[in-house]
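Observations on chain architecture
Chain by chain, the residues run as shown.
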Amino acid sequence: MRNKIRIRDISTYDIIADLNIDEEINNTTNNNAAGGENSEEEAVEETEDATENEQAKEKRGILFKAGSRLETKRTLTFRQASNFSVDLYYTYNASSPLSHPLPVGVEELFSRFEITGLPTASSHNFTGVPKVILTLQLNPSGIVEVAKAEAEILATTLVKTKILKASGSSTPTPAPTIPAEPKDDAENETEGAEEENKEKEKEKEKTSDPLYEMVPTTKLTKVTLKVNNAVLPSELSAFAITMAKGKLKNIDDADEERKKREKSRNDLEAFVYATREKLNDDEFAKYATSDDQDLIRSLLLDEEDWLYDGGINASVKELDDHLASLQKVVAPIALRYNEAPIRQERADEFKTMLNDLKLSFIKISLERQIPEEELNELIDNIQKNLEWIDSVLEEQASKSLTEEPAFTMADIQTRAGTFLKSIKDMKKRPKRVVATPSATPTPFAEAEQETAEKQQEEETEQIHEESDKKTKNQEPIFEIPIGGDEEVPLDQEPEVVL
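Per chain, residue numbering runs from 1 following the sequence as it is written. Since the coordinates come from a predicted model, pLDDT governs what is reported: local features require at least 70, and pairs of side-chain atoms require 80 or more to be given and counted, while whole-chain, interface and lining totals use all residues. The side-chain quantities take in all heavy atoms of the structure and omit both hydrogens and water.

Topic: the overall build of the chain
Each helix is a run of H or I in the DSSP string that is no shorter than four residues. Each strand is a run of E no shorter than two, and both are numbered from the N terminus. When you go through the chain residue by residue, the secondary structure sums to 13 helices and 10 strands. Going through the 498 residues of the chain one by one, you find that 30% of them count as buried. Whether two residues are in contact is decided by their heavy atoms: any pair within 4.5 Å suffices. Pairs at least 24 apart in sequence give 81% of the contacts found in the chain among residues at least 6 apart. With residues, only the protein chains shown are counted as cover, and all accessible areas are computed by Shrake-Rupley using a 1.4 Å probe. When the accessible area of the chain is evaluated, it comes to approximately 33500 Å², of which 51% is carbon and sulfur surface. Relative accessible area decides the class of each residue, using a 1.4 Å probe on protein chains only: under 20% of the type maximum gives buried, over 50% gives exposed, and in between gives partly exposed.

Observations regarding the packing of aromatic side chains
Side-chain rings of Phe, Tyr and Trp (the six-membered ring for Trp) are treated as a pair once their centres are within 6.5 Å; stacked means planes under 30 degrees apart, edge-to-face means over 60, and tilted covers the remaining angles. In total, this model carries 6 aromatic pairs according to the counting rule given. For the pair Phe284 and Tyr337, a centre-to-centre distance of 5.1 Å together with 65° between the ring planes defines the contact as edge-to-face. With Phe284 in helix α6 (residues 282-285) and Tyr337 in helix α8 (residues 316-339), this pair connects stretches of sequence that are 53 residues apart. Both residues of the pair, Phe284 and Tyr337, count as buried. One aromatic cluster is present, built from ring pairs that chain together Phe284, Tyr287 and Tyr337. Lysine NZ or arginine CZ positioned within 6 Å of the ring centre and within 35 degrees of the ring normal marks a charge as sitting over the ring. When the ring centre of Tyr89 is taken as reference, the NZ or CZ atom of Arg60 above it lies at 4.7 Å. Between Arg415 and the ring centre of Trp388, over which it is positioned, the NZ or CZ distance is 3.9 Å.

Remarks on the pattern of salt bridges
Any carboxyl oxygen of Asp or Glu that lies within 4 Å of a side-chain nitrogen of Lys or Arg is treated as forming a salt bridge with it. What the rule picks out here adds up to 17 salt bridges. Across the pair Arg112 and Asp87 runs a salt bridge whose closest N-O atoms are separated by 2.6 Å. In this pair, Arg112 sits in strand β6 (residues 109-116) while Asp87 sits in strand β5 (residues 84-91), placing the two residues 25 residues apart along the sequence. The class for Arg112 is partly exposed, based on a relative accessible area of 26%. According to the relative accessible area criterion, Asp87 is buried, its value standing at 6%. Each of the salt bridges in this network shares a partner with another, and the network as a whole consists of Asp255, Arg258, Lys259 and Glu262.

What to know about the confidence of the model for the chain
For the chain, mean pLDDT is 76; residues scoring 70 or higher make up 67% of the total. Residue-level confidence of the predictor is summarised by pLDDT, bounded by 0 at the bottom and 100 at the top. When mean pLDDT is compared element by element in the chain, α8 scores highest at 93, while helix α1 (residues 40-43) scores lowest at 38. When the criterion is pLDDT under 50, residues 34-57 qualifies, and its contacts beyond four places in sequence or with other chains add up to 29 contacts.

With respect to the pairing of strand β1 (residues 14-19)
The element β1 is extensively covered by neighbouring structure, given that 6 of its 6 residues are classed as buried. A two-sided burial pattern is seen for β1, the buried positions comprising Asp14, Ile16 and Asp18 on one face and Ile15, Ala17 and Leu19 on the other. As judged from the 6 bridges shared by β1 and β5, these two strands associate in the antiparallel manner. Residue Ile16 lies in a different strand from β5, and its bridge partner there is Tyr89. A strand pair is defined by DSSP finding two or more bridges across the two strands. Sheet topology places β1 next to strand β3 (residues 60-64); 4 bridges connect them, and they run antiparallel. Bridging across to β3, Ile15 finds its partner in Phe64.

Digging into the side chain of Arg336
Secondary-structure assignment places Arg336 in helix α8. No salt bridge forms around the buried Arg336; measuring N to O, its nearest opposite-charge neighbour Asp292 is 4.4 Å away. Within polar-contact distance, the side chain of Arg336 engages the backbone oxygen of Thr402 at 3.5 Å. For Arg336, the contacting residues outside a window of four places in its chain are Tyr287, Ala288, Asp292, Leu401, Thr402, Glu403, Glu404 and Pro405. Here the positive residues are Lys and Arg and the negative ones are Asp and Glu; neither His nor the chain ends is included. Any pair of N or O atoms that falls within 3.5 Å is considered a polar contact. Within protein, one atom must be able to donate a hydrogen and the other to accept it, and sequence-neighbouring residues count only if both atoms are side-chain atoms.

Quick word on the pairing of β6
In this structure, β5 lies alongside β6, joined through 6 bridges in antiparallel fashion. Along β6, the bridge assignment pairs Val86 with Phe113. Direction of pairing for β6 relative to strand β10 (residues 226-229): antiparallel, over a ladder of 4 bridges. Directly across from Glu114, in β10, lies its bridge partner Asn228.

A word on the nonpolar core
We call a set of buried residues a nonpolar core when its members are Ala, Val, Leu, Ile, Met, Phe, Trp, Tyr or Cys and they connect through side-chain atoms within 4.5 Å of each other. Residues Phe350, Phe361, Ile389 and Phe407 are the most contacted members of the largest nonpolar core, which totals 24 residues. Of all the elements, helix α10 (residues 372-397) adds the most residues to this core, at 8 residues. With 23 residues, the next largest nonpolar core counts Leu63, Leu88, Val132 and Leu225 among its residues.

Details of the environment of Asp390
Following the sequence through the fold, Asp390 ends up in helix α10. Sequence separation between Asp390 and Lys351 is 39 residues, and the spatial gap between their C-alpha atoms is 9.0 Å. A distance of 3.5 Å separates a polar atom in the side chain of Asp390 from a polar atom in the side chain of Lys351.

Examining the sheet that holds β6
Strand order in this open sheet of 5 strands is β3-β1-β5-β6-β10, and the pairing throughout is antiparallel. Since the sheet does not close on itself, it has two edges, and those belong to β3 and β10, each with one partner. Across the sheet, the mean angle separating the axes of adjacent strands is 30° when strand polarity is ignored. Axis lines are fitted to C-alpha atoms, over the contacting stretch for helices. Their N-to-C directions set the angle, which ranges from 0 to 180 degrees.

Quick notes on helix α5 (residues 238-279)
How far a helix is expected to stretch is found by multiplying one less than its residue total by 1.5 Å. Taking 1.5 Å as the rise per residue, α5 with 42 residues should run 62 Å; its terminal C-alpha atoms sit 62 Å apart, in good agreement. Residues Ser264, Arg265, Leu268, Glu269, Phe271, Val272, Thr275, Lys278 and Leu279 constitute the buried set of α5. Those residues of α5 hidden inside the fold are in contact with α6, α7 (290-307) and α8.

Thoughts on the environment of Val330
Here Val330 shows up in helix α8. Between the C-alpha atom of Val330 and that of Ile296, which follows or precedes it by 34 residues, the distance is 7.4 Å.

Considering a nonpolar patch on the surface
In this scheme, patches are assembled from residues that exceed 30% relative accessible area and form no salt bridge. Like charges are connected within 9 Å, while nonpolar side chains (Val, Leu, Ile, Met, Phe, Trp, Tyr) are connected within 5 Å. On the surface, Tyr273, Tyr308 and Ile312 cluster together into a nonpolar patch covering about 320 Å² of accessible area. Relative to the helices and strands, Tyr308 is located in the loop between α7 and α8. Using a relative accessible area of 45% as the deciding quantity, one classes Tyr308 as partly exposed.

Overview of the packing of helix α9 (residues 343-367) against helix α11 (residues 409-427)
Two elements in contact, α9 and α11, have axes whose closest approach is 11 Å; the angle formed by their N-to-C orientations is 15°. If you check the angle between α9 and α11, you find them roughly parallel. Note that α9 runs across α11; the crossing there is left-handed. Each of Arg343, Arg346, Ala347, Phe350, Met353, Leu354, Leu357, Ser360, Phe361 and Ile364 in α9 lies in contact with α11, whose residues at this interface are Met409, Ile412, Arg415, Ala416, Phe419, Ser422, Ile423, Met426 and Lys427. Among the residues making up the contact of α9 with α11, the classes are represented as 13 nonpolar, 2 polar and 4 charged. Working definition: roughly parallel below 35 degrees, roughly antiparallel above 145 degrees, roughly perpendicular at 65 to 115 degrees, and oblique for all remaining angles. Crossing handedness is read from the near helix: turned anticlockwise from the far helix by less than a right angle, it gives a left-handed crossing, and turned clockwise, a right-handed one. Here the nonpolar group is Ala, Val, Leu, Ile, Met, Phe, Trp, Tyr, Cys and Pro; Asp, Glu, Lys and Arg are the charged ones; every other residue, Gly included, is treated as polar.

Right under this line is the structure:
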């Protein structure tokens, strides 16, 4: 059984190419896409008849017939000296059973390629007209594109060539050996000098720089051309353009709605699976009664049945409502499970913060204009919160794991946030005016007063820094996580985290 599918009919129209060139096309070639398989059907190649050969010499002709195979290529070769363009048209061929008339309102011209960058004599030093090779193909999506565009020229360049030195003598043919007559000393000295001079000339030829000259050479050069797919002017009316934009918007809105629906569906499915997994966890199950567990399991089964039956085409609102109803049932159990391990630790931190706030309020009241009644009210409020945390801790100790807790982390966070707001408001109050005793003015009275005020400001800033550090150390109290590390705003219900 074959594991590939080949689509051969990709169009119901012939595609015509109209080349805006100076000379006629010299030749065309068909290069059909090969699938790389050994079947007889895919080894068949299209052949050109006499009519196509005649069209090949024209500037306008059928580029691809209706029903051409994907990745079919067509190569055009011609002479052209300047930039040119190729227009592509759909056309109806009544003689072809695969061709059909164009729909009403559809323009025949559907694409235009602008070919630029042809070489010039001044830039490449050549003579004649460049030979252009243009290859167009139907890509795997059935879209016509330019696969290759290049120009061939015979460019003349100067090549550095080494000059061979002419030799004045040739190697003599060795003569037969004849016994030499004895020579006197003067003749031997003369021959020795001549041989020495010859050796020096040979050494000089070896060490001297060779001579070169620039020789003109003709070489076939290929220049890649630039291809630009031009944007054709729209022939649509204003009404047609408005309708097209409306359709695109409807498609975008439908796609966005689909994404939201898929997300809501995934969230509901994920919550169902995570809750069932938690119910199988012995540690989580300790915080739910057997009735609670049976109820939740029944609801999870109902949700699964609904998701794959009645909820197949459910809207985003329906999916979100089903998720909210499930979370409402599971939330109390998840809250007990998440807060039980950290409840005592957070309560101790809250008590430590309240005791530190007493000292901070008193120090700030010494520097800022804070009425005594307001300060006493804040101190009383701190004492009431200390009593509250002790009482709820005692109450919590008598409760079972499946009962509603005496207090939650959100309760502590809300109470701590009230004190945090109070201490910020107190720091914004005007500074307290310290009355100075009347005395006889001295030359240095003003300087002494400025020094005292500066010292007082430094002490006040130091008190504020110490208070800020203590408050900063208590920041975890104001950002108590509910089943995770995210901060829960004071005015927002905690999210159910499993």
